[in-house]
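Fold and geometry: a report
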Protein chains: 2
Amino acid sequence: MKAFLAEAEQAAHYPAHFLVNGVMAENPEKPERIARLRAGAEAAGCVFAVPREHGIEPIAAVHTAAYLVFLERAHERWARIEGASEAVTPNIHPPHRNAGYPDSVVAQAGFHMSDASCPIGAETWQSALWSAWSAVEAADAVLGGERQAYALCRPPGHHAGPDLAGGFCYLNNAAIAARRLQGRFARIAILDVDLHHGNGTQDIFYPDQSVFTVSIHADPARFYPFFWGYAGERGEGAGIGFNLNLPLTRGAGDEAFLAALATAIAAVEAFAPDALVIALGLDAFEGDPFAGLAVTTPGYGRIARAIGERLGVPAVLVQEGGYLCDALSDNLAAFLTGFAEARGR
Amino acid sequence: MKAFLAEAEQAAHYPAHFLVNGVMAENPEKPERIARLRAGAEAAGCVFAVPREHGIEPIAAVHTAAYLVFLERAHERWARIEGASEAVTPNIHPPHRNAGYPDSVVAQAGFHMSDASCPIGAETWQSALWSAWSAVEAADAVLGGERQAYALCRPPGHHAGPDLAGGFCYLNNAAIAARRLQGRFARIAILDVDLHHGNGTQDIFYPDQSVFTVSIHADPARFYPFFWGYAGERGEGAGIGFNLNLPLTRGAGDEAFLAALATAIAAVEAFAPDALVIALGLDAFEGDPFAGLAVTTPGYGRIARAIGERLGVPAVLVQEGGYLCDALSDNLAAFLTGFAEARGR
């Protein structure tokens, strides 16, 4: 399977901390994830190439101009504030977005960042850009005739909304890939198997009937992202019926995940997409530091085969979460191997 | 002038930190403010009494039930989270409020707290409650025939909205006093002279034509609360025309403040209120740690006289901001003395 990564550029972003339950904790979205994921993909037969630069156009198909300008310039503007932290960190958040767009970078940080887990350091914009370009390149490979391609996107993307960073995410790589695929394929399904609900992806396509978004994740009632990911969220306007959330009880393992996946796959089949994007988080693993669900390493093989056996349309696999633990490489290898095998390579 | 304060109860709240420009800094809204403010009020002839308990009813006239339950219970619920900080501190903030009300205290913190400057410790609810009761008691004194009364409200209130804490504020004491006064007086004007825009007060009365809200403050374009306080914000629905913001350039002194005040007073006179609430922040002082404006100590006397000479209706003075500096007592004394003298005691 072709795979894409700009390793040095995507590793440059290094978020030091994030605020969790009032405590500044070490941020688990570390650059070291890249080497582990790359090793896993290579063990599954992936051959990596560096993506080309694709400019802002494919990204602006998903995100607002104000947000992109903010992301690009925020660190430089923030550095001019006396006594400020190294990385842009939000403080004040408007409870509504109808009060006008603020001028100051402090206020813009609160406007564009829903939590304190996505600090913007000197290297963040470039890393996010190359991560998105990896997704674009994988989409282009599929547009060029590949049956499937893998984008090692880091930083991840599925919590990023049209104008909002959050949950370690800045640019929504899966959404960017989906829009890119729409250059040729009209109907896209995005299947998100990350531990956390893909709230950014849901938000981007909520009114859109051309992109069917499905997410399997830990029940948000007591888990990030808390505000979204409930079964009742089905879309809005023309998009009603084109979003499906399948929350799982904390601690659920392979069988529960596979049962939800069967529902997800049936819904995707009913939608009859022309192409598929898999938002491939690996943090539902039983040994992941987030400890939300209990999928096993063989379980990732079963999940991938279940998808691959039933959904044969061209597919872009976009890396989402999955944090440092002994099995991270193996989990990705199990998924990519199972997926390719089920689809006959 | 009669004055109200539950000193021990209102001093118990001790916010240790707040997040400012990404750095955890010492919180300037310290209990030590109380003694300084009390000394200033006593120097101006105030005689303090302890307020009675007034229950939740006068507070629920301003704040939502969900918010009040959150404030009362949040610390106890937060303490059950393993590894959490001592005080409730928000992390994830919903960009809209139309996604349903979350169950978890972590999410409720983000829903009900617009910034990280208003941590909820073990004593916060009781301090906020007694601070609000001081305002209720001062309103009751005026309802009982006093021409004016002073409530030493701490924690302050004017950034707190119907269901939102922020900027060191939990319960909007000035708004609570205004609603209490409406038991007898139909038309209330709230004149906010704090350095910061009274965004919570504005929000509470934005659609309300019975309460005219006026705020003089540092231009929010580069100053807290950033999102609100602009001249264009005039109210909504029936309340259009009943909110007036008078932002001042950073560093403005007595003359600029008095010029804005003349505009404010003329607008209040045109509204013809039956009673007045003064949201009495003293942080526009030239020596205040926030360093936003440059009002002098004699300036506070002039400001108070300007108000007192023109607005003779019954008045409740509610303490807002004003932080530790040598002149804090003197500034309050200058204001209260000037106000009482101008109104013939």
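Just so it is clear, the model here is predicted, and its values are computed rather than measured.

With respect to the overall build of chain A
- Along its length, chain A carries eleven helices and ten strands.
- Here the C-alpha atoms of chain A give a radius of gyration of 18 Å, agreeing with the 20 Å that 2.2 N^0.38 yields for 345 residues.
- Evaluated residue by residue, chain A yields a buried proportion of 64% over its 345 residues.
- If you take every contact in chain A between residues at least 6 apart in sequence, the share linking residues at least 24 apart comes to 77%.
- Roughly 11200 Å² of accessible area belongs to chain A as shown, and the carbon and sulfur atoms make up 53% of that amount.
- If the 24 positive side-chain charges of chain A are averaged to one point and the 38 negative ones to another, these points end up 4 Å apart.

Details of the packing of aromatic side chains
- This model, assessed by the stated rule, comprises 22 aromatic pairs over all chains.
- Taking 6.0 Å as the distance between ring centres and 75° as the angle between the ring planes, the aromatic pair formed by Phe242 of chain B and Phe271 of chain B counts as edge-to-face. Here the residue Phe242 of chain B occupies a position in the loop between β7 (211–218) and β8 (243–248), and Phe271 of chain B occupies one in helix α9 (residues 254–271), the gap between them amounting to 29 residues.
- Relative to Phe339 of chain B, the ring of Phe335 of chain B lies with its centre 6.3 Å away and its plane at 20°, an arrangement referred to as stacked. Of this pair, Phe335 of chain B and Phe339 of chain B both sit in helix α11 (residues 328–342), four residues apart, roughly one helical turn. For the pair Phe335 of chain B and Phe339 of chain B, a shared accessibility class is recorded, and that class is buried.
- Members of the aromatic cluster, joined through ring pairs, are Phe18, Phe168, Phe290 and Tyr323 of chain A.
- A cation over a ring is seen here: Arg97 of chain B above Phe111 of chain B, with NZ or CZ 4.0 Å from the ring centre.

Focus on the relation of the copies chain A and chain B
- By a simple turn and slide, chain A fits onto chain B: the slide is 0.0 Å along the axis, the RMSD is 0.0 Å, and the turn is 180°. Expressed as a symmetry operation, the mapping of one chain copy onto the other fits a two-fold axis. Residue His96 of chain A, judged by its C-alpha, is the member of chain A lying nearest the rotation axis, at 2.6 Å.
- Here 100% of the interface residues in chain A have copies in chain B that are interface residues too; the copies meet face to matching face.

Section: the layout of surface pockets
- Counted as a void, the largest pocket has a volume near 960 Å³.
- If you go around the largest pocket, you meet 37 residues; those closest to its centre are Val20, Asn21, Phe223, Phe226 and Phe290 of chain A.
- Per-element tally for the lining of the largest pocket: the top contributor is strand β2 (residues 17–20) of chain A, with three residues.
- Considering only residue class, the lining of the largest pocket consists of 19 nonpolar, nine polar and nine charged.
- Residue lining of the second largest pocket: 29 residues in total, with Val20, Phe223, Tyr224, Phe226 and Phe290 of chain B positioned closest to the centre.
- Elements represented by at least two residues in the lining of the second largest pocket include exactly α5 (105–112) of chain A together with β2 (17–20) of chain B.
- Each residue belonging to the lining of the second largest pocket can be placed in one class, and the counts come to 15 nonpolar, nine polar and five charged.

Quick look at the nonpolar core
- Phe70, Leu171, Leu181, Ile188, Val277 and Val316 of chain B are the most contacted members of the largest nonpolar core, which has 60 residues in total.
- Ranked by residue count, the leading element in this core is helix α6 (residues 124–143) of chain B, at twelve residues.
- Ile120, Ala138, Tyr170 and Leu181 of chain A belong to the second-largest nonpolar core, a separate cluster that totals 59 residues.

With respect to the interface of chain A and chain B
- Each partner contributes residues to the interface: chain A has 37 residues there, and chain B has 37 residues.
- Taken together, the two surfaces of chain A and chain B that pack against each other cover about 3500 Å², and 66% of this comes from carbon and sulfur.
- Put simply, chain A and chain B have zero salt bridges between them.
- Counting across the interface, chain A meets chain B through nine residue pairs in polar contact (both at pLDDT 80 or more).
- When contributions to the side of chain A that touches chain B are tallied by element, the ones reaching two or more residues are β3 (23–26) and α5 of chain A.
- When residues of the side of chain A that touches chain B are assigned to their parent elements, the largest contribution, three residues, is made by α5 of chain A.
- Grouping the amino acids of the side of chain A that touches chain B by side-chain chemistry returns 23 nonpolar, ten polar and four charged.

Scoring rules and cut-offs
Residues numbered from 1 in each chain as written. Chains lettered and ligands numbered in written order. Predicted model: local features only at pLDDT ≥ 70, side-chain atom pairs only at ≥ 80, totals over all residues. Heavy atoms only, no water. Helix = DSSP H or I, 4+ residues; strand = E, 2+ residues; numbered from the N terminus. Rg over C-alpha atoms; globule rule 2.2 N^0.38 Å. Buried < 20%, exposed > 50% of the residue type's maximum accessible area, 1.4 Å probe, protein only. Contact = heavy atoms within 4.5 Å. Areas by Shrake-Rupley, 256 points an atom, 1.4 Å probe, with all protein chains shown as cover. Lys, Arg positive; Asp, Glu negative; His and termini not counted. Charge placed at Lys NZ, Arg CZ, Asp CG, Glu CD. Phe/Tyr/Trp six-rings, centres within 6.5 Å; stacked < 30°, edge-to-face > 60°. Lys NZ or Arg CZ within 6 Å of the ring centre and 35° of its normal. Least-squares fit on C-alpha atoms with pLDDT ≥ 70 in both. 1 Å grid on protein atoms, 1.4 Å probe; cavity = no way out; pocket = protein on both sides within 12 Å on 5 of 7 lines; lining within 4 Å. Points joined across faces, edges and corners; volume = space filled by probe spheres on them. Nonpolar A, V, L, I, M, F, W, Y, C, P; charged D, E, K, R; others polar. Core = buried A, V, L, I, M, F, W, Y, C linked by side-chain atoms within 4.5 Å. Buried area = accessible area lost by both parts, 1.4 Å probe. Salt bridge = Lys/Arg side-chain N within 4 Å of Asp/Glu carboxyl O. Polar contact = N/O pair within 3.5 Å; in protein donor to acceptor, adjacent residues only side chain to side chain.

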